[in-house]
Amino acid sequence: WLNRAKFLLVISEFTRRQYLSRGVRGNQTFVLVSPGVDVERFHPDLNPAAVVHRHTLASRAVVLTVARLVEWKGQYSVIRAMTRVIQVVPNAVYVMVGAGPHRPVLEQLATELDLQKSVIFAGFIPDKELGLYYAAANVMVLVGREFQPGMPVEGFGIAYIEANAVERPVIGTRLGATPDTIVDGVTGLLVAPDDEEEIATSIIRLLVNPDLAQQMGQHGRERVVREFTWHTQATRLRRQLATIGPR
């Protein structure tokens, strides 16, 4: 049925390659339309005061993850990396936005590593407040790993784009569609999955170099406005569909 379709809609170049690796014919027509971001809702002028007060984040260097608390989203790697981060940046704190079945395991890990004062479980956050958490952060980190062997977890990674829209730099892994979403060294940094030392080094690099972090955040915002608004995606879809003639 996939091979008989007139075209296949994909959300990333990675997704297109996945289709091809699973037997879709090489001359199939693909229409690429990525998820979009509301740049009026996610913007750099958001005031995070309410979030800072809620979690006592004043004078803290905030590392943020926005994702479900499930094993393959990689929060445990960031918790372990925080042991190295706080040695260099003692006021660093890791805030996890999201709920999920892996929370007890993550809480236990934070306790075992004596990181209770450096790890915050914010829980589920309504969409209307999500932008404030990005605004309260210094860097957004989402280091997903393979869901199953050979099956990377991120088909796109909307959290990276949302954080960039708020002018925050991002850190992700070189898996799945993340390299399509993060421009390494420009809008953020790419690291190896499960490499806690590289994750820690990248976090530290952005926390101790605020000018670099700001520059990456600004480049990220510019790219989101240019490529990832819903208007841009709708225009891209219309143009691509117009080029598809009858078979």
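Residues numbered from 1 in each chain as written. Predicted model: local features only at pLDDT ≥ 70, side-chain atom pairs only at ≥ 80, totals over all residues. Heavy atoms only, no water.

Chemist: So what exactly am I meant to see when it comes to the pattern of salt bridges here?
Modeler: Between side chains of opposite charge, pairing is possible as soon as their charged atoms come close. Under the definition given, this model contains 10 salt bridges. Note that Arg 80 is salt-bridged to Glu 196, the shortest N-O span being 3.7 Å. With Arg 80 in helix H3 (residues 75–88) and Glu 196 in helix H8 (residues 196–208), the pair connects residues that are 116 residues apart, well separated along the chain. What makes Arg 80 partly exposed here is its relative accessible area of 31%. Owing to a relative accessible area of 21%, Glu 196 belongs among the partly exposed residues under this scheme. Linked by salt bridges that have partners in common, Glu 13, Arg 16 and Arg 17 make up one network. (Salt bridge = Lys/Arg side-chain N within 4 Å of Asp/Glu carboxyl O. Helix = DSSP H or I, 4+ residues; strand = E, 2+ residues; numbered from the N terminus. Buried < 20%, exposed > 50% of the residue type's maximum accessible area, 1.4 Å probe, protein only.)

Chemist: Any chance you could explain the pairing of strand S4 (residues 92–97) here in plain terms?
Modeler: Successive residues of a regular strand alternate their side chains across the two faces of the sheet. Within S4, 6 of the 6 residues are buried, leaving the element largely enclosed by the surrounding structure. Taken together, the 6 bridges between strand S3 (residues 61–66) and S4 define a ladder with parallel strand orientation. In the strand pairing of S4, Val 66 is matched with Val 97. Of the crossover connections in this fold, the one passing from S3 over H3 to the parallel S4 is right-handed. Following the chain from S4 across helix H4 (residues 103–112) to the adjacent parallel strand S5 (residues 119–123), one finds a crossover that is right-handed. (Pairing = 2+ DSSP bridges. Right-handed = clockwise from strand over helix to strand, strands pointing away.)

Chemist: Can you walk me through unusual backbone geometry in this structure?
Modeler: Apart from glycine, the bulk of residues carry a negative phi angle, and the bulk of peptide bonds sit in the trans form. With phi around 55°, Thr 56 is a residue other than glycine that occupies positive phi space. Tracing the sequence through the fold places Thr 56 in the loop between helix H2 (49–54) and S3. We classify Thr 56 as exposed; its relative accessible area is 59%. Even without a glycine there, the phi angle at Asp 194 is positive, about 65°. With respect to the element layout, Asp 194 can be found in the loop between strand S10 (188–191) and H8.

Chemist: I would appreciate a short explanation of the nonpolar core in the present structure.
Modeler: The nonpolar side chains of a soluble globular protein tend to be buried with one another. One finds Leu 57, Leu 64, Val 95, Val 97, Tyr 133, Tyr 134 and Met 140 to be the most contacted residues of the largest nonpolar core, which totals 36 residues. When neighbours within four sequence positions are excluded, Tyr 134 is seen to be in contact with Phe 42, Leu 64, Val 66, Met 140, Ala 159, Glu 162, Ala 163, Val 166 and Arg 168. With 33 residues, the next largest nonpolar core counts Val 78, Tyr 94, Val 143 and Val 191 among its residues. (Core = buried A, V, L, I, M, F, W, Y, C linked by side-chain atoms within 4.5 Å. Contact = heavy atoms within 4.5 Å.)

Chemist: Teacher, can you tell me more about helix H6 (residues 158–165) here?
Modeler: The periodicity of an α-helix, 3.6 residues per turn, causes residues three or four positions apart to be oriented the same way. A large share of H6 lies buried, amounting to 7 of its 8 residues. Among all positions of H6, only Ala 159, Tyr 160, Ile 161, Glu 162, Ala 163, Asn 164 and Ala 165 are buried. Packed against the buried residues of H6 are S3, helix H5 (127–136), strand S6 (139–142), strand S9 (170–173), helix H7 (178–181) and helix H9 (210–227). In the segment just after H6, Glu 167 is the residue with positive phi, at about 65°.

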